[in-house]
Amino acid sequence: MLTSTKSILNKAQKGNYAVGAFNTNNLEITQAIIEAAVELKSPVIIQTSEGAIKYAGLEYIYAINRIASLSPVPVAIHLDHGKDLDLIKKCIDIGYTSIMIDGSSLEYKENIKITKKVVALAHKKGVSVEAELGAIAGIEDFVSVSQKDAAFTDPDQAAEFVKKTGCDSLAIAIGTSHGINKFTKEPKLELERLKEINKKVKIPLVLHGASEVDKRMLNIAKKYGAKLKNAKGVNDALMKKVVKLGVNKVNTDTDLRLAFDAGVREIIKTKPDVFDPRKILGPAKEYMKQIIKERIIVLGSRNKA
Ligand code: G3H
Ligand code: 13P
Ligand code: ZN
């Protein structure tokens, strides 16, 4: 059932688990997300980036996700990395249950200003707001400690930011990064920083750039021709630690892209006689579903519907 993001995340915060927020761009991805959540009786957040909306069309992708939300588990529909105010307003009007305002590339004061503005717009319609403070960039992106300190979320500043803006959840920077090239060595995150942020910030925390970069999917995709590096992401053990330390929403896109890519490439290469789109996209959907189920179990939201 369509459920407010705020109630899904507040429940997760009380229960000390995280809910997966999975990026969708089309029917098959949304089906994989919802089928996985229903099979594991888990709440779930379906999110679309501005790029996804541009690709699919707001009305089309919203309609698909809205139908998905008629399932027997709590489903929230979220705008990921909103930057365009017009699009944010459209998402609020059409029925999204939450939107993200990503002011992380702005000066601190400008980030506060735009976030406050969006909070006022959204709250009027009962829509909750995720904001972001700090640059989501991997630990390996920085050569010096001072560079890293400047980029990652400062716990005191985070507390002040939440108080000043009234946002409902906060995306933090502790060393994850978007995309497939995350860590070349063993994955490492600033867990002490997370602990401090969680002590000072009382609203649910969000982890972006949290894909695992699943080895099996990477290997299948590469076996059938993908040119991808052997990157590492946030593995299960590390994910369990961040959830224990207070993260309640975990964003995943790259792992779904990888599973989709692996599935499509495998069929095209191994079954050259297949040209029915359903037979090409069906196995890709099953791979994505498998990855989503594994993540839901690690986040601890199984049977929390
Ligand atoms: O955080 C970014 C997501 O992976 C969405 O990526 O803007 O290419 O849809 P996108
Ligand atoms: P990944 O690239 O690690 O999947 O992160 C996705 C994300 O943060 C979407 O907002
Ligand atoms: Zn993100």
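Just above sits the structure.
Further remarks concern the nonpolar core. In summary, soluble globular proteins display a tendency toward joint burial of nonpolar side chains. Tyr96, Ile99, Leu170, Met239 and Val242 are the most contacted members of the largest nonpolar core, which totals 51 residues. The leading source of residues in this core is helix H6 (residues 108-124), at 6 residues. Residues within four places of Ile99 in sequence aside, it is in contact with His78, Leu79, Ile88, Cys91, Ile92, Val118, Ala122, Val127, Ser128, Val129 and Glu130. Core analysis: the next-biggest nonpolar cluster, separate from the first, contains 29 residues, Ile29, Ala32, Ala37 and Leu256 among them.

The geometry of helix H12 (residues 254-270) relative to helix H13 (residues 277-299) is characterised by a closest axis approach of 8 Å and an angle of 145° between their N-to-C directions. Remark: the crossing between H12 and H13 carries right-handed chirality. Between H12 and H13, the residues in contact are Asp255, Leu256, Ala259, Phe260, Ala262, Gly263, Val264, Glu266, Ile267 and Ile268 and Lys279, Ile280, Leu281, Pro283, Ala284, Tyr287, Met288, Ile291 and Ile292, respectively.

On to the site of ligand 1. Contacts to ligand 1 come from Asn23, Ser49, Asp80, His81, His178, Asp253 and Arg257. In the environment of ligand 1, an oxygen atom lies 2.6 Å from a nitrogen or oxygen atom belonging to the side chain of Ser49. Taking His81, its side chain carries an N or O atom lying 3.3 Å from an oxygen atom of ligand 1. Look at ligand 1: alone it shows 300 Å² of surface, and the protein chains cover 66% of it. Residues that form the shell around ligand 1 fall into these classes: no nonpolar, 4 polar and 3 charged.

With that settled, consider the site of ligand 2. Around ligand 2 sit 15 residues in total, of which Asp80, Lys182, Ser211, Asp253 and Thr254 are the nearest. Ala210 places a polar main-chain atom, nitrogen or oxygen, 3.1 Å from an oxygen atom of ligand 2. Contacts to ligand 2 include Asp253, whose backbone N or O atom sits 2.7 Å from an oxygen atom. When ligand 2 is considered free in solution it has 310 Å² of accessible area, and contact with the protein chains removes 97% of it. Here the shell around ligand 2 is built from residues that sort into 1 nonpolar, 11 polar and 3 charged.

Side-chain pairing between opposite charges can occur once the charged atoms of the two side chains come close. Counting across every chain of the model gives 21 salt bridges. In this structure, Lys199 and Glu196 form a salt bridge, with 3.0 Å as the shortest nitrogen-oxygen distance. One end of the pair is Lys199 and the other is Glu196, both in helix H9 (residues 191-200) and 3 residues apart, which spans about a single turn. The exposure class assigned to Lys199 is exposed, which follows from its relative accessible area of 53%. Overall, the relative accessible area of 26% leaves Glu196 in the partly exposed class. Residues joined in a network through salt bridges with shared partners are Glu35, Glu39, Lys285, Lys289 and Lys293.

For the rest of this paragraph, the subject is the environment of Ala131. You can see Ala131 is positioned in strand E5 (residues 128-133). Note on Ala131: relative accessible area 0%, which makes it buried. Spatially, the C-alpha atom of Ala131 lies 6.7 Å from that of Thr115, the residues being 16 residues apart in sequence. Beyond its immediate sequence surroundings of up to four residues, Ala131 is in contact with Ile101, Thr115, Phe161, Cys167, Ser169, Leu170 and Ala171.

Conventions we followed
Along every chain, residues carry numbers that run from 1 in the direction the sequence is written. Chain labels run from A onward and ligand labels from 1 onward, assigned in the order the entries are written. Totals for whole chains, interfaces and linings use every residue, but because this is a predicted model, local features are given only for residues with pLDDT of at least 70 and side-chain atom pairs only at 80 or more, for both listing and counting. Hydrogen atoms and water are omitted, and side-chain values are computed over all heavy atoms in the structure. Think of a nonpolar core as a cluster: buried Ala, Val, Leu, Ile, Met, Phe, Trp, Tyr and Cys residues, connected wherever their side-chain atoms sit within 4.5 Å. Under the scheme applied here, a residue whose accessible area is under 20% of the maximum for its type counts as buried, over 50% as exposed, and between as partly exposed, the area being computed with a 1.4 Å probe on protein chains only. Secondary structure elements are taken from DSSP: a helix is a run of H or I of four residues or more, a strand is a run of E of two residues or more, and numbering for both begins at the N terminus. Two residues qualify as a contact provided that any one of their heavy atoms is within 4.5 Å of a heavy atom in the partner residue. Angles run from 0 to 180 degrees between N-to-C directions of axes, and those axes are lines fitted to C-alpha atoms, restricted for helices to the stretch in contact. Two helices cross in a left-handed way if the nearer one is turned anticlockwise from the farther one by less than a right angle. They cross in a right-handed way if the turn is clockwise. Residues are classed as near a molecule or strand on a simple rule: at least one heavy atom within 4 Å of it. Between N or O atoms, a polar contact is any pair within 3.5 Å; within protein, one atom must be a potential hydrogen donor and the other a potential acceptor, and residues adjacent in sequence are included only when both atoms are from side chains. Here, Shrake-Rupley sampling with a 1.4 Å probe gives the accessible areas, and only protein chains in the shown set may cover a residue. Each residue gets one of three labels, nonpolar for Ala, Val, Leu, Ile, Met, Phe, Trp, Tyr, Cys and Pro, charged for Asp, Glu, Lys and Arg, and polar for the others, Gly among them. Put simply, a salt bridge is a Lys or Arg side-chain nitrogen that is within 4 Å of an Asp or Glu carboxyl oxygen.

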